Amino acid sequence: MKKSLKILLLGCLVVTAAAMSAAAVKSISAEPANNTPTVKAEYTPTQEGEYCLRDWQGYVAVFHGGDDTPTQVTDIETATLNNVDREKLREGIPASGKAELLSLLEDFSS
């Protein structure tokens, strides 16, 4: 009796291991469904005193309001930043005041 119980238990463990392995393989090989639409953000100034950080000829630049030319170009090269920050700079990073602007510049320079 003892031997047949061990064989039964071992059989259950083998079946469970096979089922778990199959489920793991299926979850790894299944492609994730990405139904979320891609949203492109655009910078639109909401007030005259607002600043925007953008990429300008490979450097982080400060734009005032909706101006197309920068009021200041920093020495921070965009090539040294990570991909996420470079993408944000392409879209434009708004800063509502001088304190927020300086904080963003400090983050990029460190």
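Every residue gets a number counted from 1 within its own chain, in the order that chain's sequence is written. Since the coordinates come from a predicted model, pLDDT governs what is reported: local features require at least 70, and pairs of side-chain atoms require 80 or more to be given and counted, while whole-chain, interface and lining totals use all residues. The basis for the side-chain values is all heavy atoms of the structure; hydrogens and waters are excluded.

Q: Where do I start with the packing of aromatic side chains in this structure?
A: The geometry of an aromatic ring pair comes down to the distance between the two centres and the angle between the two planes. Centres within 6.5 Å are what make two rings of Phe, Tyr or Trp a pair, Trp counting through its six-membered ring; a difference in plane orientation under 30 degrees is then read as stacked, over 60 as edge-to-face, and the rest as tilted. Counted according to the given criterion, the structure contains 1 aromatic pair. With a centroid separation of 5.9 Å and 65° between ring planes, the pair formed by Trp 56 and Phe 63 is classed as edge-to-face. On the accessibility criterion, Trp 56 (27% relative accessible area) is partly exposed. For Phe 63, a relative accessible area of 2% puts it in the buried group. Both a distance and an angle decide whether a charge sits over a ring: NZ of Lys or CZ of Arg must be within 6 Å of the ring centre and within 35 degrees of the ring normal. For the cation-ring pair, Arg 54 lies above Phe 63, with the distance from its terminal atom to the ring centre recorded as 3.9 Å. Under the scheme applied here, a residue whose accessible area is under 20% of the maximum for its type counts as buried, over 50% as exposed, and between as partly exposed, the area being computed with a 1.4 Å probe on protein chains only.

Q: What is the right way to read the pattern of salt bridges from this model?
A: Where charged atoms of side chains with opposite charge meet at close range, the side chains can pair. Each reported salt bridge corresponds to a side-chain nitrogen of Lys or Arg within 4 Å of a carboxyl oxygen of Asp or Glu. Scanning the model with the defined rule gives 1 salt bridge in all. Between Glu 87 and Arg 90 there is a salt bridge; the shortest N-O distance is 2.6 Å. Of this pair, Glu 87 and Arg 90 both sit in helix H2 (residues 83-91), 3 residues apart, which is roughly one turn of that helix. Judged by relative accessible area, which is 28%, Glu 87 ranks as partly exposed. For helices the rule is a DSSP run of H or I covering at least 4 residues; for strands it is a run of E covering at least 2, with both sets numbered from the N terminus onward.

Q: Before we go on, may I ask you to explain the pairing of strand E2 (residues 59-64) in this structure?
A: Each regular strand shows side chains that alternate between the opposite faces of the sheet. Note on pairing: DSSP must find at least two bridges between two strands before they are called paired. As paired elements, strand E1 (residues 51-56) and E2 share 6 bridges and run antiparallel to each other. Bridge pairing in E2 links Cys 52 to Phe 63. Between the end of E1 and the start of E2, which pair antiparallel, lie 2 residues, with Gln 57 showing a positive phi angle near 55°. Looking at chain direction, E2 and strand E3 (residues 72-77) are connected through 3 bridges and run antiparallel. Note that in E3 the partner of Ala 61 across the bridge is Val 73.

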